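So you can see what is in the structure, the chains are spelled out below.
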Amino acid sequence: MAHICIHWFRKGLRLHDNPALIAALRDCKELYPVFILDPYVYNARVGLNYWRFLIGALKDLDCSLRKLNSRLFVLKGKPEDVFPELFIKWKVTQLTYEYDTEPYSLSRDKTVTALAQNHGVRVIYKISHTLYDIDRLIEENDGKPPLTYNRLRELAKKLGPPKKPIPSPTSADMKDIKTPFSDKHEAKYGIPTLEELGLNTTSLGEELFPGGEQEALRRLDEHMKQTGWVCSFEKPQTSPNSLSPSTTVLSPYVTFGCLSARTFWWRIAEVYQGKKHSDPPVSLHGQLLWREFFYTASVGIPNFNKMEGNPVCTQVDWDTKAEYLAAWREARTGYPFIDAIMTQLRQEGWIHHLARHAVACFLTRGDLWISWEEGQKVFEELLLDGDWALNAGNWQWLSASTFFHQFFRVYSPVAFGKKTDKYGDYIKKYIPRLKKYPAEYIYEPWKAPRCVQQAAGCIVGKDYPYPIVKHEVVHKKNIQRMKEAYARRSPAQSPVKKQGVKRSTPSILDMFQKKRKTE
Ligand code: FAD
């Protein structure tokens, strides 16, 4: 019997390497590609840049589907309310989707699967958001999530290389399949504009990273052409404050699934073929394995996006200082390096990994002593690549709550940026008020004599804030507080190494600092 099938796009907004979509086309007579604007996922917490990226990705997807004589059907509402109506209206017999490991997605998919079964609809899902089947990695580790990157690498090695990506469907694959869409499609199932969604777009800046599979593949091609760069890529050697990105900025595309992680992996492998190249953890393959590491942790560790109830997370007595959090969020800390990063984040939706390190450390254990969960929320709103597992995992790392335990190593909000941008060009780009400051004071404008401040047209305390805290003083106090939090830890929260013991594998921070010292 030929099926009437809904393929449900959620993440995985692409045609290439989409095994669930290919499964949908098997024995199919009618295909309905569906995307649901689920208020739980797309809510007030999601920022404008993220919305713009999503709408762009949906338009691109619809455009690719049209080339196959199909269309995307966009609906609004809770999936558990939307689907029963569609099952009946379209006489659906099969539902396909890409497996998603986020807790909300798992419970949503369970509910929808039960509803589908009640309507006699067969459900097929496939794994293609990650390199590996995450549950399989956990199984391979005796049912526990690996808590170190090296362990994850060992497990990945055991399973062999990730599956090869599969090609996009072609017109030939769609020959006997139709998508019944009418002249009223646009009005009923069209992709809404940002304005139609009630968003005020006046604050939107230039669209530096347009959403969509075509742009993802174009960017991938562009990077992969630079074979020397790909082979010598070492993450710690890339710069947090270059004027244009020093890493691929493929993360938003991978997050929304406009780019398959496996396609990314295998394209890198092709470039490596027969050449000398860097290795994990610092190589480009290494970056994709970091993603896999945090995904595996997020599946295996309960309450992964929280401190409380998270069995491997150090319980810290973070302060709640609303005014500090607001100053950090709104780029008003008085530390130009930190404020420039937070400005870039708000305007463009992407910041370099080490820039994330700097602002995350500053908010938490370094300076402001505010919970990583607060930072996680701000990143979730402002990042184009905001990803439940990666955001939570990296925030735990940076706050030295989980995975990383060298809490006595604190980033300086002054010295760190200087290493790669002596003259503060990055600061001048994102905080134009400071653009006339001489290099000597650009990282510490409060130290400039009054006449220098006047000549630069920016008086500290009037045109730009004084530092919110004294880094030299607070970071020492915070190390002490962290020491106390570590002393209270139960053995379950100290899974890797004892505090202060040199790691056998250097961290990104170790490597970054080591390399810089030798320059
Ligand atoms: P590249 O260096 O070009 O790396 C290639 C790909 O590898 C990335 O696209 C990404 O998919 C993956 N990757 C790279 N670094 C990491 C990492 N540390 N952890 C996991 N995957 C990685 N990344 C997100 O995608 N979403 C998030 O919500 C997110 N939140 C973060 C929060 C904090 C506090 C920190 C410190 C890091 C966070 N990261 C997050 C990880 C990392 O900063 C970004 O993935 C990376 O900067 C994206 O830029 P890129 O695509 O140029 O990376």
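For the structure itself, consult the block above.
This structure is a prediction, so every number in the text was calculated from the model and none was measured. (Residues numbered from 1 in each chain as written. Predicted model: local features only at pLDDT ≥ 70, side-chain atom pairs only at ≥ 80, totals over all residues. Heavy atoms only, no water.)

Colleague: Help me out: how do you make sense of the site of the ligand in this one?
Modeller: Taken together, 30 residues lie around the ligand, and Thr247, Thr248, Val249, His353 and Asp385 are the ones closest in. Elements with a minimum of two residues in the shell around the ligand: helix H10 (251-255), helix H12 (284-300), helix H15 (353-366) and helix H17 (388-398). For the shell around the ligand, the element with the most residues is H12, which contributes six residues. A breakdown of the residues in the shell around the ligand according to their chemical character gives 15 nonpolar, 10 polar and five charged. (Near = heavy atom within 4 Å. Helix = DSSP H or I, 4+ residues; strand = E, 2+ residues; numbered from the N terminus. Nonpolar A, V, L, I, M, F, W, Y, C, P; charged D, E, K, R; others polar.)

Colleague: Looking at this structure, how should I read the pairing of strand S1 (residues 3-9)?
Modeller: The buried fraction of S1 is high, at seven of seven residues. Burial of the side chains of S1 extends over both faces: His3, Cys5, His7 and Phe9 are buried on one face and Ile4, Ile6 and Trp8 on the other. Handedness of the crossover is the feature at issue here: the chain leaves S1, passes through helix H1 (residues 19-25), returns alongside strand S2 (residues 28-37), and the resulting connection is right-handed. Sheet analysis places S1 next to strand S4 (residues 94-98), joined by four bridges and oriented parallel. Opposite tryptophan 8, over in S4, you have tyrosine 97 as the bridge partner. (Buried < 20%, exposed > 50% of the residue type's maximum accessible area, 1.4 Å probe, protein only. Right-handed = clockwise from strand over helix to strand, strands pointing away. Pairing = 2+ DSSP bridges.)

Colleague: In this structure, what is going on with unusual backbone geometry? I would like to understand it.
Modeller: Negative phi is the rule for most residues except glycine; trans is the rule for most peptide bonds. Here the bond from proline 280 into proline 281 is cis, since omega is 10°, no more than 30 degrees from zero. Here proline 281 is to be found in the loop between helix H11 (261-272) and H12. Even without glycine at this site, aspartate 17 takes up a positive phi of about 40°. Inspection of the secondary structure puts aspartate 17 in the loop between S1 and H1. Overall, aspartate 17 belongs to the buried group, its relative accessible area being 0%. The backbone phi angle of asparagine 303 is positive, close to 50°, even though this residue is not glycine.

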